[in-house]
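Results of the structural survey
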Amino acid sequence: ITTIDLDIQKSLENEMKNKRGVIIVGIPNTGEILGAVSMPDFEPDLFTGRITEKAWMAILNHPDKPLINRFNQGLYPPGSIVKMITEAVLLNNPTFDSLQEFECKGSFQFGDRVFGCWDVKGHGKMNLSSAIKMSCDIYFYKTIKFYDFDELGKYYHLFGFGQTTGVDIQGESSGVVPNKEYMNKRYGKFGWSKGALLNYCIGQGEILVTPMQAFNYVNLLATRGRSHKPHFLKEKFSDHIDTLKLEDKVWDNIIHDMSEVITGEKGTGKAADPMHPNAKVFGKTGTAENPHGDNHAWFVGWMEYNLHKYSIIILLENGGSGGTMAAPIAKTIFNSIISEKSI
């Protein structure tokens, strides 16, 4: 018996028609996966009997790689969806003041390099909460003095990145969470600088994640660090809980800011709000720079509806902006869940 909800699964498949990417929907408290789609896919009956060499080579060499299970094997830069990890690192530093404002003018010079914000006009004065809400990059560039490369990497690991989630389907990738040792091996001791931290803190650079890791990460956020492993089989549900301990004030800040992303003025995730009186959504958009083509669009978060929580991960390969492309898909799926659960 699987955890899949057939109505939810069908709605995800409809949303991903003619797209490349992943959607996962589940229950944060249990780790159950209610629906998971990796597109493009293939017709399963291709493999029910003999297959011609021509048909096999056609699917094997297809440029869209339909044989890759994108949700647990695809590796992607996460972009801004992991800014809550950087937020947790900052809030754990007693010398850091979350209300202090840093100005975003659209670009920031660090050494001999200029790092840009996605909003080239600049966001103006930002504190931590508004920087999450509007996904300001410059704010995070200007706060790297409060932690180092390895400390940020440690927090990525705490949230489940750089390791397999243990989901019950074969071939899971562990992704890449770099540390100083990794960077020294890859570039040489003097081949990289502290500037690499500016990319790292906004989910760019060498870090690579799977959508399943992102699903597990959102489940941890939604449960304040107490979630079961992602799973497709009902029998996999156990008493084992992945526990991530952070101070209550850290969880309070993160969850408040993820709410502001959806409902706050200029929040980047407004398009994900189902606008239902009994539904409250928490989320984060991401537009991840991709060295191999157009940006990837992300939306991650969860909906609280009638005392239940539903987590969601949306990744559109080469999809563009997370706020304009991925967030509206989340709204459609949230509305379909509301319709189904209201019956």
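As a starting point, this report considers the structure included with it. Quick caveat, the model's predicted, so the values are computed rather than measured.

1. Remarks on the packing of aromatic side chains
- Counted under the stated rule, the structure contains 16 aromatic pairs.
- Ring plane angle 80 degrees and centroid distance 5.7 Å describe the contact between Phe 159 and Tyr 217, whose orientation is recorded as edge-to-face. Here the residue Phe 159 occupies a position in the loop between α7 (149-158) and α8 (180-187), and Tyr 217 occupies one in helix α10 (residues 211-222), the gap between them amounting to 58 residues.
- On the basis of an interplanar angle of 15 degrees and a centroid distance of 4.9 Å, the ring pair of Phe 282 and Trp 302 is categorised as stacked. Here Trp 302 lies in strand β10 (residues 293-305) and Phe 282 lies in strand β9 (residues 279-290), a separation of 20 residues in the sequence. Exposure class is identical for Phe 282 and Trp 302. Each is buried.
- Taken together, the ring pairs in this structure connect Phe 149, Tyr 156, Phe 159, Phe 161, Trp 192, Tyr 200, Tyr 217 and Trp 251 into an aromatic cluster.

2. Re helix α11 (residues 248-263)
- Taking 1.5 Å as the rise per residue, α11 with 16 residues should run 22 Å; its terminal C-alpha atoms sit 22 Å apart, in good agreement.
- Those residues of α11 that are buried are in contact with α4 (83-91), α5 (128-133), α10, β9 and β10.

3. Some remarks on the pattern of salt bridges
- Following the criterion strictly, the structure yields eleven salt bridges and no others.
- Residue Glu 32 is joined to Lys 234 by a salt bridge in which the shortest nitrogen-to-oxygen separation is 2.9 Å. Within this pair, whereas Glu 32 is found in strand β2 (residues 32-39), its partner Lys 234 is found in the loop between β7 (226-227) and β8 (242-243), the two being separated by 202 residues in sequence.
- On the basis of relative accessible area, Glu 32 is assigned to the buried category, the value being 11%.
- Lys 185 serves as the salt-bridge partner of Glu 181, at 3.7 Å between the closest nitrogen and oxygen. Of the two residues, Glu 181 and Lys 185 are both situated in helix α8; the distance of four residues between them amounts to about one turn of the helix.
- One network of salt bridges, with partners in common, ties together Asp 5, Glu 340 and Lys 341.

4. A look at the packing of α4 against α7
- Closest axis-to-axis distance for the α4/α7 pair is 10 Å, and the angle between their directions is 120 degrees. The orientation of α4 with respect to α7, classified from their angle, is oblique. Where α4 crosses over α7, the two elements pack in a sense that is right-handed. For the pair α4 and α7, contact is made by Ile 85, Thr 86, Ala 88 and Val 89 and by Glu 151, Leu 152, Tyr 155 and Tyr 156, respectively.

About the criteria used
- Within any chain, residue numbers begin from 1 and follow the written order of that chain's sequence.
- Local features are withheld for residues below a pLDDT of 70 in this predicted model, meaning they are given only at 70 or higher, and side-chain atom pairs are given and counted only at 80 or more; totals for whole chains, interfaces and linings count all residues.
- Only hydrogens and water are set aside when side-chain values are computed; all heavy atoms of the structure are taken into account.
- Put simply, two rings from Phe, Tyr or Trp (the six-membered ring, in Trp's case) pair if the centres are within 6.5 Å, and we call them stacked under 30 degrees between planes, edge-to-face over 60, tilted for the rest.
- Helix and strand definitions here come from DSSP, where helices need a minimum of 4 consecutive H or I residues and strands a minimum of 2 consecutive E residues; each element is numbered from the N-terminal end.
- Burial classification: accessible surface area is computed with a 1.4 Å probe over protein chains only, and a residue below 20% of its type maximum counts as buried, one above 50% as exposed, and the rest as partly exposed.
- In this scheme, a helix's expected span is set at 1.5 Å multiplied by one less than its residue total.
- When checking whether two residues touch, look at their non-hydrogen atoms; a contact exists if any pair is within 4.5 Å.
- For salt bridges, the criterion is a side-chain nitrogen of Lys or Arg within 4 Å of an Asp or Glu carboxyl oxygen.
- The convention used is that axes are lines fitted to C-alpha atoms, helices contributing only their stretch in contact, and that angles between N-to-C directions extend from 0 to 180 degrees.
- Roughly parallel refers to an angle under 35 degrees, roughly antiparallel to one over 145, roughly perpendicular to one between 65 and 115, and oblique to any angle outside these ranges.
- The handedness criterion is simple: a crossing whose near helix is rotated anticlockwise from the far helix by less than a right angle is left-handed, and one whose near helix is rotated clockwise is right-handed.

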